[in-house]
Amino acid sequence: MKLRKLGRAGFDVSEIAHGVWGMSSWSGSNDQESRAALQLSVDLGCNFFDSAWAYGEGKGDTFAGEVLRNNPGKGPASHPRSLL
């Protein structure tokens, strides 16, 4: 996964973000598949996630948080200047 600097903050973020809207109680979404998709994106180097509370009232945030907690050193919190 290629990384780029994010503005003046200098965070290294993946060029591709993983959005969580479709896994947040969206019609036809499957929780197990959603978690597996997030895990695969982290395994491939993604550390940039598009999320909002409005996406399933936080369900997507919960999934992203679970995956990031299970993968220390990967994801946005691994950056030395992270706000997380």
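Calculation criteria
Residues numbered from 1 in each chain as written. Predicted model: local features only at pLDDT ≥ 70, side-chain atom pairs only at ≥ 80, totals over all residues. Heavy atoms only, no water. Helix = DSSP H or I, 4+ residues; strand = E, 2+ residues; numbered from the N terminus. Buried < 20%, exposed > 50% of the residue type's maximum accessible area, 1.4 Å probe, protein only. Contact = heavy atoms within 4.5 Å. Areas by Shrake-Rupley, 256 points an atom, 1.4 Å probe, with all protein chains shown as cover. Patch = residues over 30% accessible without salt bridge, like charges linked within 9 Å, V, L, I, M, F, W, Y side chains within 5 Å. Salt bridge = Lys/Arg side-chain N within 4 Å of Asp/Glu carboxyl O. Core = buried A, V, L, I, M, F, W, Y, C linked by side-chain atoms within 4.5 Å. Polar contact = N/O pair within 3.5 Å; in protein donor to acceptor, adjacent residues only side chain to side chain.

Chemist: Can you lay out the overall build of the protein for me, pointing to particular residues and giving the numbers?
Modeler: The number of helices and strands found in the protein is two helices and four strands. When the helices and strands of the protein are read in sequence order from the N terminus, they spell out β-β-β-α-β-α. Burial statistics for the protein: of 84 residues in total, 31% are counted as buried. For the protein, long-range pairs separated by at least 24 residues make up 63% of all intrachain contacts whose partners lie at least 6 apart in sequence. A total accessible area of about 5600 Å² is found for the protein, and carbon and sulfur atoms account for 55% of it.

Chemist: Quick rundown of a nonpolar patch on the surface? Include the residues and the values.
Modeler: Taken together, the side chains of Met 1, Leu 3, Ile 16, Leu 40 and Leu 44 define a hydrophobic patch exposed on the protein surface, amounting to about 510 Å² of accessible area. Relative to the assigned elements, Ile 16 resides in the loop between β2 (11–14) and β3 (18–19).

Chemist: Tell me about the nonpolar core, and name the residues and values.
Modeler: Within the largest apolar cluster, nine residues are counted, these being Val 20, Met 23, Leu 38, Val 42, Cys 46, Phe 49, Tyr 55, Phe 63 and Val 67. Counting residues per element, the ones that place at least two in this core are α1 (31–43) and α2 (59–69). In contact with Val 20, other than residues within four places in its own chain, are Leu 38, Asp 50, Ser 51, Tyr 55 and Gly 60.

Chemist: Give a description of the environment of Ser 41 that names residues and reports values.
Modeler: Among the secondary structure elements, Ser 41 is positioned in helix α1. Owing to a relative accessible area of 10%, Ser 41 belongs among the buried residues under this scheme. Sequence separation of Ser 41 and Ala 17 is 24 residues, and the distance between their C-alpha atoms is 9.0 Å. One polar contact links Ser 41 to His 18, side chain to side chain, over a distance of 3.2 Å.

As far as function goes, none of this settles anything; it's purely spatial.
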